[in-house]
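# Reading the structure
What follows is each chain in one-letter form.
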Amino acid sequence: MRKLLPIFIAILCGLATASARADAPQELGTVVARLDADGIQRAAIVGGDYFFKPRHLVVKVNLPVELTLSRETGIVPHTLVIKAPEAGIVLDRVLSTEIGKVTFTPTATGAYPYYCRNKLLFFKSHREQGMEGVLEVVP
Ligand SMILES: [Cu+2]
């Protein structure tokens, strides 16, 4: 499996690029961050009622990541939280319809959840309603 992972990622990358090009509204399952010539990995996460696109984002360890964050239009406020200090990633951002950027450098491989921490009194949390994804840090 470990040897097949790069091939698997390459295929997923191709699929993600293809669907992004088509600008299709369907949910993107897995996205591999694009490694730009300046050595920065770039990807976008969009939040909506009640989901994140993508649900699975793959980045490489020890290379800076620049995430573009936004949310779809609507009245429900959303956030993006990642609590992985063991990997050098601690984020807590309110998502806006205007694009915001965050940067970090993941320092440990693993799978770290990202989620929306919002919850309206008596209702299920947004996380429980589906606003959860996985940031996977790979070698
Ligand atoms: Cu939310």
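Residues numbered from 1 in each chain as written. Predicted model: local features only at pLDDT ≥ 70, side-chain atom pairs only at ≥ 80, totals over all residues. Heavy atoms only, no water.

Our focus in this paragraph is unusual backbone geometry. Asp49 connects to Tyr50 through a cis peptide bond whose omega is -5 degrees. Along the chain, Tyr50 turns up in the loop between strand E3 (41-48) and strand E4 (51-53). In this structure, the amide linkage connecting Lys53 to the following residue, Pro54, adopts the cis form with an omega of -5 degrees. You can see Pro54 is positioned in the loop between E4 and strand E5 (56-60). For Asn62, which is not glycine, the phi dihedral falls at a positive 60 degrees. Even without glycine at this site, Phe122 takes up a positive phi of about 70 degrees. Tracing the backbone through its elements, the reader meets Phe122 in the loop between strand E10 (110-115) and strand E11 (132-138). What makes Phe122 exposed here is its relative accessible area of 79%. (Helix = DSSP H or I, 4+ residues; strand = E, 2+ residues; numbered from the N terminus. Buried < 20%, exposed > 50% of the residue type's maximum accessible area, 1.4 Å probe, protein only.)

Here the focus is a nonpolar patch on the surface. Taken together, Leu120, Leu121, Phe122 and Phe123 make up a surface patch of nonpolar side chains, about 560 Å² in accessible area. Residue position: Phe123 is located in the loop between E10 and E11. When its relative accessible area of 53% is taken as the criterion, Phe123 is described as exposed. (Patch = residues over 30% accessible without salt bridge, like charges linked within 9 Å, V, L, I, M, F, W, Y side chains within 5 Å. Areas by Shrake-Rupley, 256 points an atom, 1.4 Å probe, with all protein chains shown as cover. Salt bridge = Lys/Arg side-chain N within 4 Å of Asp/Glu carboxyl O.)

Within the secondary structure, Asp36 sits in the loop between strand E2 (34-35) and E3. At a separation of 2.8 Å, a polar atom in the side chain of Asp36 contacts the side chain of Arg34. At 2.7 Å, the side chain of Asp36 forms a polar contact with the side chain of Arg42. (Polar contact = N/O pair within 3.5 Å; in protein donor to acceptor, adjacent residues only side chain to side chain.)

By themselves these figures say nothing about function.
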